[in-house]
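Structural overview for review
Chain residues, written in single-letter form:
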Amino acid sequence: MLPRTRTHCVLALLTAVISACRPDAPHAPMEVASFTRLNSASVERLRLVKVDSIILGTAREGVSAITDFEEHDGELYVLDAMSKSVRVFDRSGALKRVIGRAGHGPGEFTDPVSMAFVGGRMYVADPHAGKRLSTFAPGGRFERETELNVPTVPVSLAEAGDRIATLGILVSGDPARQQWATMAVSTPDGRNVGRGCVLDPRYVESGRRDGMIAHFDFGSVAARGNRLYCVQGISPVVQVMDRAGNPVGQIRVAPPFYLAPHDQKLTMNQKAIFDFMAGFTAHAGFFPVDGGFVSAYSRFDRAQGEVRFHLFVCHGERRPRCGTVENVRRPVYVPSLDTVYLEEEAQPNAPMQVGIYRVEPVA
């Protein structure tokens, strides 16, 4: 799952979608400051060396905005927010087919945000569809809308073996009734088999005061083996769960550049919004890979007027050895600890490019 603390942050700040579900066993709210901060002396400096790139189609038939990126059966699936479709490319970047289109009917999208493959089928989340996922058969034929019994509207998906994990919007009108859980684990037909990912209480308290944290309400879920991982935008804590959503631990380390948010009352003043976004580091995504993990963070640069991304690369989880590389472009795919795919800067009238970079220590 691509980092989903939205890069178009102003839209995310103005989003507020609230829903409810049936009550189950209660959960305690997440501990606010449960992380260990690493100092600069204990973190290795890394650099990125470009080794290749993929040009995605042509300027006419290519991609305008990479919302999600998956490699499946040797093909590259790119969820394009602008065209409201999934574009499928071969490894050379040639367009093979297009799945979905803009609209409100079966197999059509309004604001698609995430996709995942379970049992060969592709599931796509679109908040405008509520708690339903569009389901496509192998090859791209639309099959059905899968209704889910989940806490909130899904904005992030991950494959969990023969199950699908969904993380919902982090704004909650009634967290006690929702068990403070924002993640659900479902069978391919939508039956709920587990819940997890405890909601950070700062979202709830901020929302009660109409504070700005509650409006920065996107997180993401990822999976590897029999483990699920969820991150929430304002926290460096990675919650680790089993395939039923039961907690098994936390990855509680923060990089040296991490700044915690300081909440403020929401106003429509553009300067106040930009000052808020520039004042903290957002956890923009988590990529579990063999031997460790890569965390992506983002921060709004007021001087440049853009979001910049930072990578935190760690070998191991319990006692990680970590390194950082800062001010990189947005990561869209991480196949290993030493390789990342970055969205390259868009050029006028040119197709989108994805750069393939090697991660290595600074000599």
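Predicted, not measured: the structure shown is a model, and the values here were computed from it.

Examining helix H3 (residues 270-278)
Within the span of H3, buried status applies to Ala272, Ile273, Phe276, Met277 and Ala278. Put simply, Asn269 is the residue that caps the front of H3, since its side-chain oxygen is 3.0 Å from the backbone nitrogen of Lys271.

Let's talk about the sheet that holds strand S3 (residues 66-72)
Taken together, 4 strands build an open sheet; the order of strands is S3-S4-S5-S6 and the sheet is antiparallel. The open sheet has two edge strands with one neighbour each: S3 and strand S6 (95-99). Mean inter-strand twist for the sheet, computed between neighbouring axes without regard to direction, equals 20°. Sheet topology note: the strand S4 (residues 75-80)/strand S5 (residues 85-89) ladder contains 5 bridges and is antiparallel.

Some thoughts on the pattern of salt bridges
Here the structure, examined in full by the defined rule, presents 21 salt bridges. For Glu143, the salt bridge goes to Arg141, with nearest N and O atoms at 3.9 Å. Judged by relative accessible area, which is 26%, Glu143 ranks as partly exposed. As a salt-bridge pair, Glu143 and Arg144 come within 3.3 Å of each other at their nearest N and O atoms. By relative accessible area, Arg144 is classed as partly exposed at 33%. Several salt bridges share partner residues, and in doing so they unite Arg121, Arg141, Glu143 and Arg144 into one network.

A short note on the pairing of S4
For S4, a buried count of 6 out of 6 residues is recorded, marking the element as mostly surrounded by other parts of the structure. Residues Glu75, Tyr77 and Leu79 point to one face of S4 and Leu76, Val78 and Asp80 to the other, with burial holding for every one of them. Relative to S4, S3 is paired through 6 bridges, and the arrangement is antiparallel. When the sheet's bridge partners are listed, His72 is paired in S4 with Glu75. Connecting the antiparallel pair S4 and S5 is a turn made up of 4 residues, with Lys84 showing a positive phi of about 55°.

Details of the packing of aromatic side chains
As enumerated under the stated definition, the model contains 14 aromatic pairs in all. Where Tyr333 meets Tyr341, the ring centres are 5.1 Å apart and the plane angle is 90°; that geometry is what we call edge-to-face. A relative accessible area of 18% places Tyr333 in the buried class. Given a relative accessible area of 5%, Tyr341 falls into the buried group.

The rules we used
- Residues numbered from 1 in each chain as written.
- Predicted model: local features only at pLDDT ≥ 70, side-chain atom pairs only at ≥ 80, totals over all residues.
- Heavy atoms only, no water.
- Buried < 20%, exposed > 50% of the residue type's maximum accessible area, 1.4 Å probe, protein only.
- Helix = DSSP H or I, 4+ residues; strand = E, 2+ residues; numbered from the N terminus.
- Polar contact = N/O pair within 3.5 Å; in protein donor to acceptor, adjacent residues only side chain to side chain.
- Pairing = 2+ DSSP bridges.
- Axes fitted to C-alpha atoms, helices over the stretch in contact; angles between N-to-C directions.
- Salt bridge = Lys/Arg side-chain N within 4 Å of Asp/Glu carboxyl O.
- Phe/Tyr/Trp six-rings, centres within 6.5 Å; stacked < 30°, edge-to-face > 60°.

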